[in-house]
Amino acid sequence: MLRWERCARRFLVPAAFAAVLGIGALAQEPQSKGVGKSTAEATSDEEFSRLVRQWTTRPDFISPLVDHLPKVAGVPSPKDVLGHYIGEPKKLTYYADILRYYRALSAASPRVKVLPIGKSNEGRELVVVFVGSDESIRNLEQYRVSLGQLADPRKIADAEAKEIVAKAKPIYHLMGGLHSGEVGPSEMLMELAYRLATESSELINQIRENVIVSITPVADPDGRDRNVDWYYKYGINETEGHPVGAGVPYWGKYVFHDDNRDINYSQVEMRSLLDWYLQWHPPIMHDLHQAQTLLYTFSGQAPQNPTLDPILYGELPAMANFEMSQMTKYGMPGVWTHGFVDMWSPGYLAFMSSNHNGMIRMYEIQGFSGANTQHMRPGQGGGRGGRGAGAGAGEGADLAALAAAGRGNQSQREWYRPLPATGEFDWSLRNNTNYGETGVLTALQYTSTFPKIILENFYRKSRNSVDAARKDAVAGYVIPAGLRDMTRVATLINLLRVQGIEVGRATAEIKLKDGTFPAGSFIVKRDQPYGRLAKILLEKQTYPDPNLRTYDDSAWTMGMMSHADVKEIGDKAVLDVPCEPVDQIRLAGTVTGGGTVFAVAHYGSNNMITLRYRLKDMRVQAVEEEFKNGDKTFPAGSFIVSGDGARVRAAVEALGLTAAALSSAPSVAMHDLDLPRLAVYSTWSSTQDVGWVRYAFDKFEVPYALIYKERVRQGNLKTAFDVILIPHQAGSGKRLVFDIENRGQPLAYKKNDQFKNLGAYGESDDITGGMGLQGVAAIEKFVKDGGLLVTLGAASYFPADFGLTPHVDATRVSTQFYAPGPIIDAEILHPESPIFYGYDKKTVPVRYGSGPLLSVQSGGDPFGGDNSPHVPDTVLMRYPGGDDHVLSGLMKGAAEVRNRAAIIDVPSGRGRIILFAGNPCYRWQNFGEFNMLFNTVLNYNDIKTVPEAKTTTAGDAR
Ligand SMILES: [Zn+2]
């Protein structure tokens, strides 16, 4: 095997060697303007070289770029601050120490600057660290402005852009620690920053002069600290894999890997980064993960989103191939590209760059969730990723998909993997550092060699985005004013605005070939820098090839997800419609009339449940039939409130709702909206899917108790709760019940003086074992005693499989079926059910989750298949199924869901069980479905859709 002599004694790459490496030509004109004062005094850190060689488990697992480190008087290396070199076995760094290091480096070097950008959910400071030449850092603001000018070509001509490119520098943004179990890159980035600030090899000089490097040290710092705690508590003793049986139950407050699928930037850490991005416009964002053997560099394989600029699809493989060829030249095996993640969904965090005319980049580097050296055999299913217990969709799921596609063997040679890693070997944290840092330095070598091309492309993609409006079939979008519920429209528009998309409000009626729309309608014109992104988010997703697999969702169409009316406009005249710019919309609700009884119309706003909780001490009833007042219709489900008028008015107005103050209550049937004692059940292994529901409840101000197996096993559930909600989680009934396998020792998740980050969001002396049959019996008793059990998505296997709903069967789709999150039709069969209050259409778009195929045995006649003659009354909603009912994205084998139940209501004892086949609270996305869950909660003791149970009463007693 090709081997390189390591320049362990020198920190400079010698010129001859540099020429061999292909960087000699770049080094003719280093243009060094302001070498740091202390760099001249640099010597090589011999101890670093010795220890790194020792920690590197095979001589070909390192490159000449990282086998040395300068020692510079006055500038602290990571070891000077942390007490150890990066990559030392069994050493991981807590976030506060990581920040401490960057601050010390910044204080000592004019080449480093730390910029605070916000706070995490748990209050940790979020920062971006800049590294560049003295001159770059001194003039950072000027470089920021230049990139901002290139990002909006409407304000400059091509000639001016050329001048800006000549004086600008690209910012290359690196992100570590988005996934807390993927620990290596956040360690490596500290050494990288130090090296970039201090080394004076020709390569580093060139990078420092031509590129500004910016760094997110840890994208999810709350999760980082929890994972490091867990590692020191349990992982440090492991010899292979996770013998302890599980990762830490939580990373961030709400989610695990889904922080990389937070398409609407709900999580504060992701949102802070986006806000920073829109100020700084780095043309490249590079996210550093670890899951693959030994380093996978993303090249944007098919399926590709065709709305993104075609230039991007040339840039991506160009950089990836450069890295693969350079690292292969250094003799490092296992560097590959293609064959893993595709370019379909725009929801990954680093996509904020591609979506805004820059470039997403991504690595998966071999690593573990801790810092132990472990033995591995890469032929057997790839490397063990840094997945925590919460791995659901994403890396974990996709490894299975890869294996199914025959590409899971990463020791196999492929056209995109010319030098695979074969055999068995030990893998260390330092190996991970060596691969990650060599890769990143090679990416920076490319960028610093072609900085002007990177900038030109950024400008050209931005200009093309504006120009596409007059060339493409779609010129823009109109969201008509005057819909009965504008709150979901406001949510949609505000989310577009968060992403920097310009939205206007028509100052007069709009007449277009596509239709006539009233004054006040919202317009998204495509002739703006982020016009492409608007189209990507608003258009129907037409999947190019059903035989291609995708890494995440195949659909996300925002209008369908929000049940908001979004019109695609082909008429170019839309670009000239006068409108006022919209910032964030704050809808003011309206209260007409002067009476003392308030009727609040239920038009489907998710804010209805917030209103109920804001008025929690007042009597609120729901009407069971529609009534009219003047020209307004108040549909079934509308609230009737009497009491403190000022408070009601203030709440209605703040929440953007529609109300009338009547002189007396309407004479229609109604029931009290009692507030339930609501519990949300979570396994210890699937807290993320529960986390999204928690997030929605928190945002809409719905209080709940988060309970685990510990509480369920205690029994007496009905004395404490009225409703137990089991969100989509665990994948099967068996896993929901038995959860994490016990492997001989209890696994406590508890806070103590040593591990302050554990025990957040719940505590347990032992997270293994699940609720068990004891828990099943307790939940069954809860229902028989009069409780309401609600199961979402995969949790709906549980009541069917464990006999709580004896007439409901939950089965799985065939192996040919493939439906990564498409949007499909659902047909409401019992619109009178309170679950559908606020829905005015019989057929509504829903996201298809990966829940069970539900069927109901009725009169010995199994319902659920095609042409089933009899639909039991317990089925409240069903999927019509078939290709005609796939609205966006891919459902391969759509006939399998034909007429399958989507919501089933099963009375049981004095209580009932409501099973959702899908997930009405998926991430922060399907806002149009949220109300099915919210209505269920609010009307928990008034759901009586089964005829024999149906009674009409005006008000009821608990
Ligand atoms: Zn990851």
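Because the structure is a prediction, the values reported are computed rather than measured.

Observations concerning the overall build of the protein chain
So, point 1. When helices and strands are tallied, the protein chain shows 28 helices and 42 strands.
So, point 2. Across the 958 residues of the protein chain, 65% fall into the buried class.
So, point 3. Within the protein chain, residue pairs in contact and separated by at least 24 positions form 81% of the contacts whose partners lie at least 6 positions apart.
So, point 4. For the protein chain, the accessible surface area stands at approximately 31800 Å², while carbon and sulfur atoms represent 50% of it.

Overview of the sheet that holds strand β28 (residues 658-662)
So, point 1. Read from one edge to the other, the open sheet built from six strands follows the order β22-β28-β23-β27-β24-β29, with strand pairing classed as mixed. For this open sheet the edge positions go to β22 (590-592) and β29 (670-672), each flanked by a neighbour on one side alone. Here the strands of the sheet are splayed against their neighbours by 25° on average, with no regard to which way each runs.

Comments concerning the packing of helix α20 (residues 607-614) against helix α28 (residues 927-938)
So, point 1. Relative to each other, α20 and α28 sit at 30°, their axes nearing to 9 Å. With respect to α28, the axis of α20 lies roughly parallel. For the pair α20 and α28, the contacting residues are Ile609, Arg612 and Tyr613 in the first and Phe934, Val937 and Leu938 in the second.
So, point 2. For the contact of α20 with α28, the residue count by class is five nonpolar, no polar and one charged.

Quick notes on the side chain of glutamine 541
So, point 1. Mapping glutamine 541 onto the fold places it in the loop between α18 (531-538) and α19 (558-562).
So, point 2. At 2.8 Å, the side chain of glutamine 541 forms a polar contact with the side chain of threonine 557.
So, point 3. Ignoring anything within four residues of it in the chain, the contact list for glutamine 541 reads Trp344, Ile536, Ser554, Ala555, Trp556, Thr557, Ser888 and Gly889.

Quick look at the nonpolar core
So, point 1. Judged by nonpolar contacts, the single largest core of 257 residues is most densely connected at Tyr102, Tyr435, Phe697 and Met932.
So, point 2. No other element matches the eight residues that helix α8 (residues 184-198) contributes to this core.
So, point 3. Formed by 17 residues, the second largest nonpolar core is a distinct cluster that contains Ala246, Tyr250, Leu747 and Ile767.

Focus on helix α22 (residues 687-699)
So, point 1. Counted at 1.5 Å a residue, the expected span for α22 with its 13 residues is 18 Å, and the 18 Å between its end C-alpha atoms agrees.
So, point 2. Every buried residue of α22 is listed here: Thr687, Gln688, Val690, Gly691, Trp692, Val693, Arg694, Tyr695, Ala696 and Phe697.
So, point 3. If you follow the buried residues of α22, they end up packed against β30 (678-681), β31 (705-707), β32 (723-726), β33 (788-792) and α28.
So, point 4. Phi for glutamate 701, located one or two positions after α22, is positive at around 65°.

Re the sheet that holds strand β12 (residues 359-365)
So, point 1. Ordered in space as β3-β4-β6-β5-β7-β12-β8-β10, the eight strands form an open sheet in which the pairing is mixed. Of all strands in the sheet, those bounded by a partner on one side alone are β3 (112-119) and β10 (335-337). The mean inter-strand angle of the sheet, taken between neighbouring strand axes irrespective of direction, is 20°.
So, point 2. In this fold helix α12 (residues 310-329) packs onto β5 (171-175), β7 (284-289), β8 (295-297), β10 and β12, with an angle of close to 35° to the strand it touches most, β12.

Here's the deal with helix α10 (residues 221-233)
So, point 1. The terminal C-alpha atoms of α10, which comprises 13 residues, lie 18 Å apart, in line with the 18 Å expected from a rise of 1.5 Å per residue.
So, point 2. With eleven of its 13 residues buried, α10 lies for the most part within the structure.
So, point 3. Where α10 is concerned, the buried positions are Pro221, Asp222, Gly223, Arg224, Asp225, Arg226, Asn227, Val228, Asp229, Trp230 and Tyr231.
So, point 4. Contacts made by the buried residues of α10 are with α4 (95-108), β4 (125-131), α8 and α11 (268-280).

Focus on unusual backbone geometry
So, point 1. Cis geometry is found at the peptide bond from threonine 293 to leucine 294, where omega equals -20°.
So, point 2. Secondary-structure assignment places leucine 294 in the loop between β7 and β8.
So, point 3. For the peptide bond that leads from alanine 302 to proline 303, omega is 0°, which places it in the cis range.
So, point 4. In this fold, proline 303 is placed in strand β9 (residues 301-304).
So, point 5. Although it is not a glycine, asparagine 357 sits at a positive phi angle of roughly 75°.
So, point 6. You can see asparagine 357 is positioned in the loop between α13 (351-354) and β12.

Re the pairing of strand β34 (residues 808-811)
So, point 1. What you see with β34 is a clean split: Val808 and Ala810 sit on the buried side and Asp809 and Thr811 on the side with no burial.
So, point 2. In this sheet, strand β37 (residues 853-858) lies alongside β34 in antiparallel orientation, the contact comprising four bridges. From the neighbouring strand, aspartate 809 faces β37, where its bridge partner is serine 855.

Details of the pairing of strand β27 (residues 639-642)
So, point 1. Here strand β23 (residues 597-600) runs beside β27; their pairing, made up of four bridges, is antiparallel. Residue pairing in the sheet places valine 600 in a bridge with phenylalanine 639 of β27.
So, point 2. In this structure, strand β24 (residues 620-623) lies alongside β27, joined through three bridges in antiparallel fashion. Paired with valine 620 across the strands is valine 641, a residue of β27.

Things to note about the confidence of the model for the protein chain
So, point 1. When pLDDT is averaged along the protein chain, the result is 91; 89% of the residues meet or exceed 70.
So, point 2. Segment residues 1-40 is flagged for pLDDT under 50; beyond a separation of four residues in sequence, or across chains, it makes 91 contacts in the model.
So, point 3. Within the model, the stretch residues 381-406 combines pLDDT values under 50 with 66 contacts to residues more than four positions away or in other chains.

As for the packing of aromatic side chains
So, point 1. Following the criterion strictly, the structure yields 47 aromatic pairs and no others.
So, point 2. Each member of the aromatic cluster is reached from another via a ring pair, and the members are Tyr254, Tyr695, Phe697, Phe700, Tyr704, Trp924, Phe927, Phe930 and Phe934.
So, point 3. The positively charged end of arginine 144 is found above the aromatic ring belonging to tryptophan 280, 5.8 Å away from the centroid.
So, point 4. Across the ring face of tyrosine 818, the terminal group of arginine 549 is positioned such that the distance to the ring centre comes to 4.3 Å.

Observations regarding the environment of arginine 470
So, point 1. Among the secondary structure elements, arginine 470 is positioned in helix α16 (residues 451-471).
So, point 2. Its relative accessible area of 49% is what places arginine 470 among the partly exposed residues.
So, point 3. Along the backbone, arginine 470 and aspartate 527 are 57 residues apart, and their C-alpha atoms lie at a distance of 7.6 Å.
So, point 4. For arginine 470, the residues in contact, after removing those within four places along its chain, are Asp527, Lys572, Leu575 and Asp576.

Re the pattern of salt bridges
So, point 1. Throughout the structure, instances matching the rule amount to 53 salt bridges.
So, point 2. The residue aspartate 225 makes a salt bridge to arginine 124 at a minimum N-O spacing of 2.8 Å. Of this pair, aspartate 225 sits in helix α10 while arginine 124 is found in the loop between β3 and β4, placing the two residues 101 residues apart along the sequence.
So, point 3. By relative accessible area, arginine 124 is classed as buried at 16%.
So, point 4. The residue aspartate 840 makes a salt bridge to arginine 484 at a minimum N-O spacing of 3.7 Å. One end of the pair, aspartate 840, is in the loop between β35 (823-828) and β36 (843-847); the other, arginine 484, is in the loop between β15 (476-479) and α17 (487-498), with 356 residues separating them in the sequence.

Looking at the packing of helix α6 (residues 140-151) against α16
So, point 1. It is at 8 Å that the axes of α6 and α16 come closest, and there the two elements cross at 40°. The angle between α6 and α16 places the two elements in the oblique class. In this structure, α6 uses Leu147, Leu150 and Ala151 to contact α16, whose residues at the interface are Leu455, Phe458, Tyr459 and Ser462.
So, point 2. Looking at the contact of α6 with α16, its residues break down into six nonpolar, one polar and no charged.

A few points about the side chain of threonine 936
So, point 1. Along the chain, threonine 936 falls in helix α28.
So, point 2. In this structure threonine 936 comes out as buried when scored by relative accessible area, which is 1%.
So, point 3. Residues in contact with threonine 936, not counting those within four places in the same chain, are Leu788, Val790, Ile835, Ile914, Phe916, Asn931 and Ile943.

Notes on the environment of glycine 593
So, point 1. Its place among the elements puts glycine 593 in the loop between β22 and β23.
So, point 2. Exposure remark for glycine 593: the relative accessible area of 53% places this residue in the exposed category.
So, point 3. Considering only alpha carbons, one finds glycine 593 and serine 663, 70 residues apart in sequence, at a separation of 8.6 Å.
So, point 4. Excluding residues within four positions of it along the chain, glycine 593 makes contact with Arg649 and Ala661.

Calculation rules
- Residues numbered from 1 in each chain as written.
- Predicted model: local features only at pLDDT ≥ 70, side-chain atom pairs only at ≥ 80, totals over all residues.
- Heavy atoms only, no water.
- Helix = DSSP H or I, 4+ residues; strand = E, 2+ residues; numbered from the N terminus.
- Buried < 20%, exposed > 50% of the residue type's maximum accessible area, 1.4 Å probe, protein only.
- Contact = heavy atoms within 4.5 Å.
- Areas by Shrake-Rupley, 256 points an atom, 1.4 Å probe, with all protein chains shown as cover.
- Pairing = 2+ DSSP bridges.
- Axes fitted to C-alpha atoms, helices over the stretch in contact; angles between N-to-C directions.
- Parallel < 35°, antiparallel > 145°, perpendicular 65-115°, else oblique.
- Nonpolar A, V, L, I, M, F, W, Y, C, P; charged D, E, K, R; others polar.
- Polar contact = N/O pair within 3.5 Å; in protein donor to acceptor, adjacent residues only side chain to side chain.
- Core = buried A, V, L, I, M, F, W, Y, C linked by side-chain atoms within 4.5 Å.
- Expected span 1.5 Å × (residues − 1).
- pLDDT = per-residue confidence, 0-100.
- Phe/Tyr/Trp six-rings, centres within 6.5 Å; stacked < 30°, edge-to-face > 60°.
- Lys NZ or Arg CZ within 6 Å of the ring centre and 35° of its normal.
- Salt bridge = Lys/Arg side-chain N within 4 Å of Asp/Glu carboxyl O.

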